[in-house]
Amino acid sequence: MKTKSANAQPVQRKHLLAIALLTAASLYLTWSIVSFAKDVRKLIELKSHPRRRHSYKPIDSYCMYPRIFSTRIPKLTVLQAFIGTDHPNRLPTEQKLVKLLAQESVHYDILSPEAQDEWLWTASAGDGHLRLGKDKRLFAVAMFHELHCLRTIRGVIAHGWNSITKERQNHILHCFNYLRQYVLCAADVTLEPGDFTKRNFTTERVGATHTCVDWQPAYEMMAEKWAEWDEFRVAHNIPWHEDAT
């Protein structure tokens, strides 16, 4: 009898350990489902926003290779006060490298009837800004600032320089200089065969392959932070920011 009892104890311990592991796995799965459901609810609420339904479709990707996206978005540190210079220099998104094949497109025209809507798809969720920290300090993100500048310049080309105010003209001049500085900052030295000034872009529609930072995580974090801000804004009766473009 002692031998049977001694043999039964390890078996019982194994059973208890298996039950504990299954319980932990079940709790983790339940937590994951609840978290996912909350994210889906926020996404549905944001997509149904009457002013920004278009903002959830990111710019088309021309990556040559499939990308694996991380479902975990890095969190901003709570130790920073977001006062003065006490804030991160970059949005803490995953810096994953991807390949982009530069090519001509029938989309993103300047004067076509659908041009404005297509260019608007390049915008982030919300009004193009982030509110960070306990005081909800306003920030712009360089990537979306640059896309905003391209959309603004397209609008001026379409409607004419004299159709806008002097203040808006100064804004366009800022955008030109801002994009110039970004080109220098990126310093993309990818080799592009041939003379692009003599290239027939109608028939020669494919250019060089560039190595880029994946832009999708930036869209995802902007959407997440906009959902948080929109919920906060509604709860505190803060009016809509009307400067979205």
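Residues take numbers from 1 onward in each chain, read along the sequence in its written order. Two thresholds apply to this predicted model, a pLDDT of at least 70 for residue-level local features and 80 or more for giving and counting side-chain atom pairs, whereas whole-chain, interface and lining totals are computed over all residues. Computation of side-chain values: all heavy atoms of the structure, hydrogens and water removed.

What the UniProt record of the protein chain gives under Sequence similarities (unreviewed entry) is the line "Belongs to the ustYa family." UniProt positions are given in the numbering used here, feature names are shortened, and annotations may be inferred rather than shown by experiment. According to its UniProt record, the protein chain has this under Pathway (unreviewed entry): "Mycotoxin biosynthesis."

Participant: I keep staring at the pairing of strand β3 (residues 137–140) and nothing clicks. Help me out?
Facilitator: Looking down a regular strand, the side chains alternate between one sheet face and the other. Only when DSSP finds a minimum of two bridges between them are two strands counted as paired. Helix and strand assignments follow DSSP, with helices taken as H or I runs no shorter than four residues and strands as E runs no shorter than two, numbered in order from the N terminus. Relative to β3, strand β2 (residues 129–132) runs antiparallel, the two being bridged by 4 bridges. From the neighbouring strand, histidine 129 faces β3, where its bridge partner is alanine 140. In sequence, β2 turns back onto β3 through a hairpin of 4 residues, with glycine 133 there showing a positive phi of about 85°.

Participant: How should the packing of helix α3 (residues 142–159) against helix α5 (residues 216–235) be read in this particular structure?
Facilitator: Helix packing for two helices is described by the angle between their axes and how far apart those axes are. Orientation is described by lines fitted to C-alpha atoms, with helices fitted over the stretch in contact, and by angles between N-to-C directions that extend from 0 to 180 degrees. Put simply, α3 and α5 touch, their axes get as near as 10 Å, and they point 95° apart. On the basis of the axis angle, α3 is roughly perpendicular to α5. Here Met143, Phe144 and Leu147 of α3 lie close against α5, whose contacting residues are Ala218, Tyr219 and Met222. Any angle between 65 and 115 degrees counts as roughly perpendicular, while under 35 counts as roughly parallel, over 145 as roughly antiparallel, and the rest as oblique. Working rule for contacts: check all heavy atoms of both residues, and any pair within 4.5 Å makes them a contact.

Participant: Can you help me understand the nonpolar core in this one?
Facilitator: Note that soluble globular proteins tend to have their nonpolar side chains buried in a common cluster. Leu130, Val141 and Phe144 are the most contacted members of the largest nonpolar core, which totals 15 residues. Mapped onto this core, the elements with two or more residues apiece are β2, α3 and α5. Not counting residues within four places of it along the chain, the set of residues in contact with valine 141 comprises Leu91, Leu130 and Met222. In plain words, nonpolar cores are sets of buried Ala, Val, Leu, Ile, Met, Phe, Trp, Tyr and Cys residues tied together by side-chain atoms within 4.5 Å. Summary of the burial criterion: residues with accessible area below 20% of their type's maximum are buried, those above 50% are exposed, and those between are partly exposed, where the area comes from a 1.4 Å probe applied to protein chains only.

Participant: Whenever I open this one, the environment of lysine 134 confuses me. Can you help?
Facilitator: Relative to the helices and strands, lysine 134 resides in the loop between β2 and β3. For the pair lysine 134 and alanine 81, spaced 53 residues apart in sequence, the C-alpha separation works out to 8.0 Å.

Participant: Sorry, what's going on with the pattern of salt bridges here?
Facilitator: By definition, a salt bridge exists where a carboxyl oxygen of Asp or Glu is found within 4 Å of a side-chain nitrogen of Lys or Arg. Overall, the coordinates contain 6 salt bridges when judged by the stated rule. Notably, a salt bridge pairs lysine 96 with glutamate 94, separated by 4.0 Å at the nearest N-O pair. For lysine 225, the salt bridge is made with glutamate 228, and the minimal N-O distance between the two is 3.6 Å. Linking lysine 225 with glutamate 228, this pair stays in helix α5, spanning 3 residues, or about one helical turn.

Participant: What should I look at first to understand the environment of threonine 190 in this one?
Facilitator: Among the structural elements, threonine 190 can be located in the loop between α4 (166–186) and β4 (206–213). Judged by its relative accessible area of 26%, threonine 190 falls in the partly exposed class. Along the chain, threonine 190 and alanine 208 lie 18 residues apart, while their C-alpha atoms are 7.5 Å from each other. The residues contacting threonine 190, other than those within four sequence positions of it, are Ala208, Thr209 and His210. Polar contact criterion, stated in full: a pair of N or O atoms within 3.5 Å, where within protein one must be able to donate a hydrogen and the other to accept it, and residues adjacent in sequence count only if both atoms are side-chain atoms. Looking at threonine 190, its side chain comes within polar contact range of the side chain of aspartate 188, at 2.6 Å. In this structure the side chain of threonine 190 is engaged in a polar contact, spanning 3.4 Å, whose partner is the side chain of histidine 210.

Participant: Which parts of the structure should I look at to understand α3?
Facilitator: For the α-helix, the turn length of 3.6 residues means that residues three or four positions removed from each other point alike. The span one expects for a helix is its residue count, reduced by one, times 1.5 Å. For α3, with 18 residues, the first-to-last C-alpha span of 26 Å sits near the 26 Å given by 1.5 Å per residue. Considered for burial, the residues of α3 that qualify are Phe144, Glu146, Leu147, His148, Cys149, Arg151, Thr152, Ile153, Arg154, Gly155 and Val156. Buried-residue contacts for α3 involve α2 (115–120), α4 and α5. Count one or two residues on from α3 and you reach glycine 160, which has phi positive near 100°.

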